[in-house]
Amino acid sequence: MKSRESQTADSAAVARRALPKDCGAGSINGADRPTNNAMSLLLPQLLRDETLYSVGVRIHRLSGNAQPATTSQRLFGSKSAMFNTLAPRHLARFERSTGALYGTASDLFESVTLAPFFLTFRSDRERESARSAATAGSKLRYLRALGLPRSGGAGFMSLSHCVACTANDVDCLGASYWRRTHQLPGVLVCHDHGEPLVEVRQRSNCWRESRDLKLPADRGSDGRVVLSTTNKESLTIFRQLGTIQQAMLHRKFAASFSADVLQHTYRQGLRDHGLLTSAGLVRVRAYLSALQSRYRAISGTAVYGPYLSGSSVPTGLLRAERPKRGELSPTAHTLLIGLLWGSWEAFAAAYAWQASLTVGQEDGDGYPEPGTCSVGRLLSADERVSRPAW
């Protein structure tokens, strides 16, 4: 009869064979070896773009624990912390439980949660506050920092996956997993395959039963296609907006973030499209017409529809040039960037240019002091970035 040590070694060898190094999905920072806890956990490799929830499910299946709550308690110090798919907390405890094999709590915050997406247009101070709350496990402070509502308790949570990606993962890795970019609220089409994602509903209190923990390829994970009807135009728009949100997740700014610079970047974008008067006021009718014309093909979707349906257009979209804290959601930013620049790269270039034109003394973090952007030094009409055709 084999000893516990040899059984663990055999299990690790099997896990390594299931995750070949030459697989397209790749792996980072992971290790197929147990922690130094009294009762060891076998830790699988962290896959490219994998969510922390997905990692937790795979650890649970290797652990042999009868209940998910046991695995969550050992990893996070909480029976339910593992099952928050958007913004998991107790990252410091997870770091200690796994021997930092997946990185530090700060690394985890940036690489396996959706928190960076919700903090794209927030200052470094606000970002650090959210990171601190996620590390320590302060739920209300964390959700408030991200601008998310407090959880409603028992019910269902939604996870999305691409059928083609899942099939490729099974062929290449022998297993499937939840990708982080597929969980972004405005990503409805897979960036790699151009196919609508499939939404799978899972019980939010799945810490009670192992059968409630599912990965994309599991039986019962068929779900429903998030888009009931599609055409070439709508798929192109969804793919464009999804690409913008992926860039927001990785906060690909060419310059340090400043709310003042963002304000003037939006104003210049509106001006370039003739949507501001000479006095600097928004031409509301022209703005709404441009917005609805550009996104008519996707106006019926649950994600983007509320921002595009006539009189229901939030005032935030009409005040992009005067943003207030919490006024614009990430989805609203996505629509505006798509409308005014067509891509994140063009927006980031315009933002970087505006940042280079700021005047006045900068603070210690390299951000312009509030109110120091000179309206008189905005981009001229001759210097505008190329704009998409509506």
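What you are looking at is a predicted structure, and each value in this text was computed from that prediction instead of being measured.

What counts, and at which threshold
- Residues numbered from 1 in each chain as written.
- Predicted model: local features only at pLDDT ≥ 70, side-chain atom pairs only at ≥ 80, totals over all residues.
- Heavy atoms only, no water.
- Helix = DSSP H or I, 4+ residues; strand = E, 2+ residues; numbered from the N terminus.
- Buried < 20%, exposed > 50% of the residue type's maximum accessible area, 1.4 Å probe, protein only.
- Contact = heavy atoms within 4.5 Å.
- Areas by Shrake-Rupley, 256 points an atom, 1.4 Å probe, with all protein chains shown as cover.
- pLDDT = per-residue confidence, 0-100.
- Salt bridge = Lys/Arg side-chain N within 4 Å of Asp/Glu carboxyl O.

Q: Which parts of the structure should I look at to understand the overall build of the protein?
A: Counting its secondary structure elements, the protein contains 15 helices and seven strands. Buried positions account for 50% of the 390 residues belonging to the protein. Considering only intrachain contacts with a sequence separation of at least 6, the fraction spanning at least 24 residues in the protein is 66%. As displayed, the protein offers around 18200 Å² of accessible surface, 49% of which is attributable to carbon and sulfur atoms.

Q: Hey, could you run me through the confidence of the model for the protein in this one?
A: Note: predicted coordinates in regions of low pLDDT should not be interpreted at a detailed level. This prediction gives the protein a mean pLDDT of 77; 71% of its residues lie at or above 70. In the model, residues 24-31 has pLDDT below 50 throughout and makes 22 contacts with residues more than four positions away in sequence or in other chains. Overall, residues 34-39 carries pLDDT values under 50, and its contacts beyond four positions in sequence, including any with other chains, amount to 13 contacts.

Q: Help me out: how do you make sense of the environment of E199 in this one?
A: Secondary-structure assignment places E199 in strand β6 (residues 198-203). For E199, a relative accessible area of 17% translates into the label buried. Separated by 17 residues in sequence, E199 and P216 place their C-alpha atoms 9.7 Å apart. Once you skip the residues sitting within four places of it in the chain, E199 turns out to touch S158, L159, S160, G223, R224 and V226.

Q: It is not clear to me how the pattern of salt bridges should be interpreted in this structure. Could you clarify?
A: Think of it this way: side chains of opposite charge can pair up when their charged atoms draw near. On inspection of all chains with the given rule, the structure shows seven salt bridges. When the shortest N-O distance is used, the salt bridge between E110 and R127 registers 3.2 Å. Within this pair, whereas E110 is found in helix α5 (residues 105-111), its partner R127 is found in helix α7 (residues 124-136), the two being separated by 17 residues in sequence. Relative accessible area serves as the criterion here: at 7%, R127 is assigned to the buried category. Note that R251 is salt-bridged to D124, the shortest N-O span being 3.1 Å. With R251 in the loop between α10 (232-249) and α11 (259-272) and D124 in helix α7, this pair connects stretches of sequence that are 127 residues apart. With relative accessibility at 37%, the residue D124 sits in the partly exposed group. Ionic contacts of the salt-bridge type, sharing partners, join the residues E110, R127, E128 and R131 into one network.

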